[in-house]
Amino acid sequence: MATGRTHRPATRSRGIPEATVARLPLYLRALTALSERSVPTVSSEELAAAAGVNSAKLRKDFSYLGSYGTRGVGYDVEYLVYQISRELGLTQDWPVVIVGIGNLGAALANYGGFASRGFRVAALIDADPAMAGTPVAGIPVQHADELEKIVSDNGVSIGVISTPAGAAQQVCDRLVAAGVTSILNFAPTVLSVPDGVDVRKVDLSIELQILAFHEQRKAGEEAATGDVADQAAPPVRAATSSGRKGPDGDMPAVMPA
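Residues numbered from 1 in each chain as written. Predicted model: local features only at pLDDT ≥ 70, side-chain atom pairs only at ≥ 80, totals over all residues. Heavy atoms only, no water.

**Q** What exactly am I supposed to notice about the nonpolar core here?
**A** Looking at soluble globular proteins, one finds that nonpolar side chains tend to be buried together. Counting 23 residues, the largest nonpolar core has Tyr 27, Leu 31, Val 42, Leu 47, Leu 58, Phe 62 and Ile 84 as the members making the most contacts within it. At the level of elements, helix H1 (18-36), helix H2 (44-51), helix H3 (55-64) and helix H4 (77-88) are the ones that each hand at least two residues to this core. Looking at this core element by element, the count peaks at seven residues for H1. Not counting residues within four places of it along the chain, the set of residues in contact with Leu 31 comprises Val 42, Leu 47, Val 77, Leu 80, Val 81 and Ile 84. (Core = buried A, V, L, I, M, F, W, Y, C linked by side-chain atoms within 4.5 Å. Buried < 20%, exposed > 50% of the residue type's maximum accessible area, 1.4 Å probe, protein only. Helix = DSSP H or I, 4+ residues; strand = E, 2+ residues; numbered from the N terminus. Contact = heavy atoms within 4.5 Å.)

Next comes the structure, spelled out in structure tokens:
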């Protein structure tokens, strides 16, 4: 079976823009859902809506893959699943190590999405001696002293860091020195890596802060809209008798709108 050490994705050699690469997993997720429902074909408009992008951007992205669909029919779902999976490197085995098996690390180890996308958790590593040998998600935790040997023995090129911030850079340095060239960082800190090493950072607190900003802005807009409405509303005057009589009695001096 091929491993991440001997095969690299073809995206860069093909000149696919990074923005397109970032959207390919969104398309794949939407296509996988369609495949699970046995949907044979999908239009660019339907797939774009499911992925949360506009259809023109989707068609442009797929043109980089050499996939243009069929007029009046759309895209073949199964073929696109294969095509995007191949482009992302998901048709081969990618052994992954997770370093830092606290609450977050354990949750990542138990995440079923890794295996279904071609990522095999090869090892779980933690610096706490008391954790050594403890099974998490059916995998025994190994001590951090074995990190370099684990990376070498399993041909690992992707590492996941879920340690406290203070330990993350040291762990990163050891992973890189051992041959890891891609890192997914969950630690709340910025990692320094040499050229040729890719880092993707996942910071849940930053994402929540961004959401808080949007919530605050929406609340401000709603308050401003309410103030404008209050200022624009015409005053309501109480109806008074004008002394004139209508067929049903006194007629109000100001008729209600």
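**Q** Could you clarify how one ought to interpret H1 in this entry?
**A** Each α-helix turn comprises 3.6 residues. Residues three or four places apart therefore point the same way. Relative to the 27 Å expected for 19 residues at 1.5 Å per residue, H1 spans 28 Å between its end C-alpha atoms, a close match to the ideal helical length. Listed in full, the buried residues belonging to H1 are Thr 20, Val 21, Arg 23, Leu 24, Tyr 27, Leu 28, Ala 30, Leu 31, Thr 32 and Leu 34. Lining the buried residues of H1 we find strand E1 (41-42), H2, H3 and H4. Backbone geometry just after H1 places Ser 38 at a positive phi near 60 degrees. (Expected span 1.5 Å × (residues − 1).)

**Q** What should I look at first to understand the packing of aromatic side chains in this one?
**A** Two aromatic rings are characterised by how far apart their centres lie and by the angle between their planes. Tallying each qualifying case throughout the model produces three aromatic pairs. An angle of 85 degrees between the planes, with centres 5.3 Å apart, marks the rings of Tyr 111 and Phe 114 as edge-to-face. A relative accessible area of 16% means that Phe 114 is categorised as buried. One aromatic cluster in this structure is built from Tyr 27, Phe 62 and Tyr 75. (Phe/Tyr/Trp six-rings, centres within 6.5 Å; stacked < 30°, edge-to-face > 60°.)

**Q** Honestly, the pairing of strand E8 (residues 182-185) in this entry has me stumped. Any pointers?
**A** Side-chain direction in a regular strand flips from residue to residue, so the side chains alternate between the two faces of the sheet. The pairing of strand E7 (residues 158-161) with E8 spans four bridges and is parallel. Among the inter-strand pairings, Ile 158 is bridged to a residue of E8, identified as Ser 182. Regarding topology, helix H8 (residues 165-178) serves as the crossover connection from E7 to the parallel E8, and that connection is right-handed. Where E8 meets strand E9 (residues 198-201), four bridges bridge the pair, whose relative direction is parallel. Bridge pairing links Ser 182 to Asp 198 in E9. (Pairing = 2+ DSSP bridges. Right-handed = clockwise from strand over helix to strand, strands pointing away.)

**Q** Explain the sheet that holds strand E4 (residues 119-126) here, please?
**A** Across a sheet, strands are paired by hydrogen bonds formed along the backbone, either parallel or antiparallel in direction. Taken in spatial order, the seven strands of this open sheet run E5-E6-E4-E3-E7-E8-E9, and their pairing is mixed. At either end of the open sheet lies a strand with only one pairing partner, and these are strand E5 (135-136) and E9. In terms of strand pairing, strand E3 (residues 94-99) meets E7 through four bridges, oriented parallel. Residue pairing in the sheet places Val 97 in a bridge with Gly 159 of E7. Those strands touched by helix H7 (residues 147-154) are E3, E4 and strand E6 (139-143), and its axis lies near 165 degrees from that of E4. Its contacts with the sheet put H8 on E3, E7 and E8, and the angle it makes with E7 is roughly 170 degrees. (Axes fitted to C-alpha atoms, helices over the stretch in contact; angles between N-to-C directions.)

**Q** What is the right way to look at unusual backbone geometry in this model?
**A** Phi is mostly negative for residues that are not glycine, and the peptide bonds are mostly trans. Notably, Ser 38 is not glycine yet its phi reads approximately 60 degrees, a positive angle. You can see Ser 38 is positioned in the loop between H1 and E1. Even without a glycine there, the phi angle at Ala 137 is positive, about 55 degrees. Structurally, Ala 137 is set in the loop between E5 and E6.

**Q** Before we go on, may I ask you to explain the side chain of Ser 85 in this structure?
**A** Summarising the element assignment, Ser 85 is placed in helix H4. Classification of Ser 85 by relative accessible area gives buried; the value is 13%. Not counting residues up to four positions away in its chain, the partners in contact with Ser 85 are Leu 28, Leu 90 and Thr 91.

**Q** What is the right way to read the pairing of E6 from this model?
**A** Summarising the sheet, E4 and E6 pair through three bridges and their orientation is parallel. Its bridge partner lying in E6, Asp 126 is registered against His 143. Relative to E6, E5 is paired through two bridges, and the arrangement is antiparallel. Of the residues in E6, the one forming a bridge with Val 136 is Ile 139. The antiparallel pairing of E5 with E6 creates a hairpin that spans two residues between the two strands, and Ala 137 there sits at a positive phi of about 55 degrees.

All quantities given are derived from atomic positions and should not be read as evidence of function.
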